[in-house]
Amino acid sequence: MLSERRLEVLRAIVQDYVGTEEPVGSKALTERHALGVSPATVRNDMAVLEEEGFIAQPHTSAGRIPTDKGYRLFVDRLAGVKPLSSPERRAIQNFLDGAVDLDDVVARTVRLLAQLTRQVAVVQYPSLTRSTVRHVELLSLAPARLMLVLITDTGRVEQRLVDCPAPFGETSLADLRARLNSRVVGRRFADVPQLVQDLPESFEPEDRGTVSTVLSTLLETLVEETEERLMIGGTANLTRFGHDFPLTIRPVLEALEEQVVLLKLLGEAKESGMTVRIGHENAHEGLNSTSVVSVGYGSGGEAVAKLGVVGPTRMDYPGTMGAVRAVARYVGQILAES
């Protein structure tokens, strides 16, 4: 375990390197930070930090820079994240409040995160599997043709056409709509099949075929392996950090084009807490020079998807984590109110 003083020296190195992009020397540290010890003691502390792999000498320069291990300790021992200012919070709320539907919420969230953090923003669409039913609408298109509209608690809308085995009147349709909603509204998708299995028997024999057809369409919609969708923005921000990527920015850009890689990066939505993956902790080779900060968002206490940012390991971690957490909270509120 590092002593508190050496941890303080490491914190100062991380802050200076993130702020200046220049390797940090002991003289500069003692001038910029009230460490309360002599430059010789700081030099000695830096030698220990280097020996233990928390900092490294990038080339023949006199300065040192944090390693992945150093950033990891810095993040693990953070006293707190940097809160957003009141104007920033108001700007987030006003910008997101203008969203007209779920696609717009996701698009605005991506733009906002990219602007706030000046990194690459990634937002996962709320997954159907973790949703509950807000409403099922049934519309008559022709005597034997219906439109089924499923609306989830996260604002997602799925539409399906249903061809009925026989004509279905408006009265029967209204009856089915009411009975169906009384059973499934507010219930989790996984519970719906059991809740509706005996519904056809409660209808007249001539209507049972149509009721069964409607229900099977609804159940297909619920269990469909809906492709996990993502939106990404702010990729151009990476070009500002060209020198932070050892050889070239290309492997990073190529990795960001792969949806599967990004979904793995964000992690499981059920891990709703803040996750920070630094450098080589990212399994994908193209992202070994990046850090990923992600968190779950959702309405109520449960995360339905993840959002986060990707940037160089030389990142303002307290500021980025504060922004990611704040945006996730606002998106959750909007989903809850929508």
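To be clear, the structure that these remarks concern was listed above.
Residues numbered from 1 in each chain as written. Predicted model: local features only at pLDDT ≥ 70, side-chain atom pairs only at ≥ 80, totals over all residues. Heavy atoms only, no water.

Novice: Would you take a moment to explain a nonpolar patch on the surface for this structure?
Specialist: Taken together, the side chains of Leu139, Leu141 and Leu161 define a hydrophobic patch exposed on the protein surface, amounting to about 270 Å² of accessible area. Owing to a relative accessible area of 48%, leucine 141 belongs among the partly exposed residues under this scheme. (Patch = residues over 30% accessible without salt bridge, like charges linked within 9 Å, V, L, I, M, F, W, Y side chains within 5 Å. Areas by Shrake-Rupley, 256 points an atom, 1.4 Å probe, with all protein chains shown as cover. Salt bridge = Lys/Arg side-chain N within 4 Å of Asp/Glu carboxyl O. Buried < 20%, exposed > 50% of the residue type's maximum accessible area, 1.4 Å probe, protein only.)

Novice: What is the right way to read the nonpolar core from this model?
Specialist: What tends to happen in soluble globular proteins is that the nonpolar side chains get buried as a cluster. Among the nonpolar cores identified, the biggest contains 56 residues, and Leu29, Tyr297, Leu307 and Tyr317 are the most heavily contacted of them. Residue contributions to this core peak at eleven residues, all from helix H12 (residues 317–337). Ignoring anything within four residues of it in the chain, the contact list for tyrosine 317 reads Tyr71, Phe74, Val75, Val276, Ile278 and Ser291. Membership of the second largest hydrophobic core comes to 23 residues, among which are Val133, Leu176, Phe203 and Leu218. (Core = buried A, V, L, I, M, F, W, Y, C linked by side-chain atoms within 4.5 Å. Helix = DSSP H or I, 4+ residues; strand = E, 2+ residues; numbered from the N terminus. Contact = heavy atoms within 4.5 Å.)

Novice: Where do I start with helix H1 (residues 4–20) in this structure?
Specialist: Owing to its 3.6 residues per turn, the α-helix brings residues three or four apart onto one side. In this model H1 runs 24 Å from its N-terminal to its C-terminal C-alpha over 17 residues, within 8% of the 24 Å that 1.5 Å per residue would give. Turning to H1, its buried residues are Leu7, Val9, Leu10, Arg11, Ala12, Ile13, Val14, Asp16, Tyr17 and Val18. (Expected span 1.5 Å × (residues − 1).)

Novice: Any chance you could explain the packing of helix H6 (residues 102–117) against H12 here in plain terms?
Specialist: To describe two helices that pack against each other, one gives the angle between their axes and the distance between the axes. Put simply, H6 and H12 touch, their axes get as near as 10 Å, and they point 165 degrees apart. When the axis of H6 is compared with that of H12, the two are roughly antiparallel. For the crossing formed where H6 meets H12, the hand is right-handed. Contact residues: H6 offers Leu102, Val105, Thr109, Leu112, Leu113, Leu116 and Thr117, while H12 offers Thr320, Ala323, Val324, Val327, Val331, Ile334 and Leu335. (Axes fitted to C-alpha atoms, helices over the stretch in contact; angles between N-to-C directions. Parallel < 35°, antiparallel > 145°, perpendicular 65-115°, else oblique. Left-handed = near helix turned anticlockwise from the far one by under 90°.)

Novice: Looking at this structure, I do not really get the sheet that holds strand E5 (residues 145–152). What am I missing?
Specialist: Hydrogen bonds between backbone groups are what pair the strands of a sheet, and the pairing can be parallel or antiparallel. Read across the sheet, three strands follow the order E4-E5-E6 without closing on themselves; strand pairing throughout is antiparallel. Of all strands in the sheet, those bounded by a partner on one side alone are strand E4 (133–142) and strand E6 (157–163). Between one strand axis and the next, the sheet turns through 20 degrees on average, direction left out of account. Here E4 pairs with E5 via eight bridges, running antiparallel. Each bridged residue has a counterpart across the sheet, and for leucine 139 the counterpart in E5 is methionine 147. The sheet contacts of helix H7 (residues 170–184) involve E4 and E5, and relative to E4 the element is tilted by about 165 degrees. Of the strands in this sheet, E4, E5 and E6 touch helix H9 (residues 205–223), which is tilted by about 145 degrees from E6. (Pairing = 2+ DSSP bridges.)

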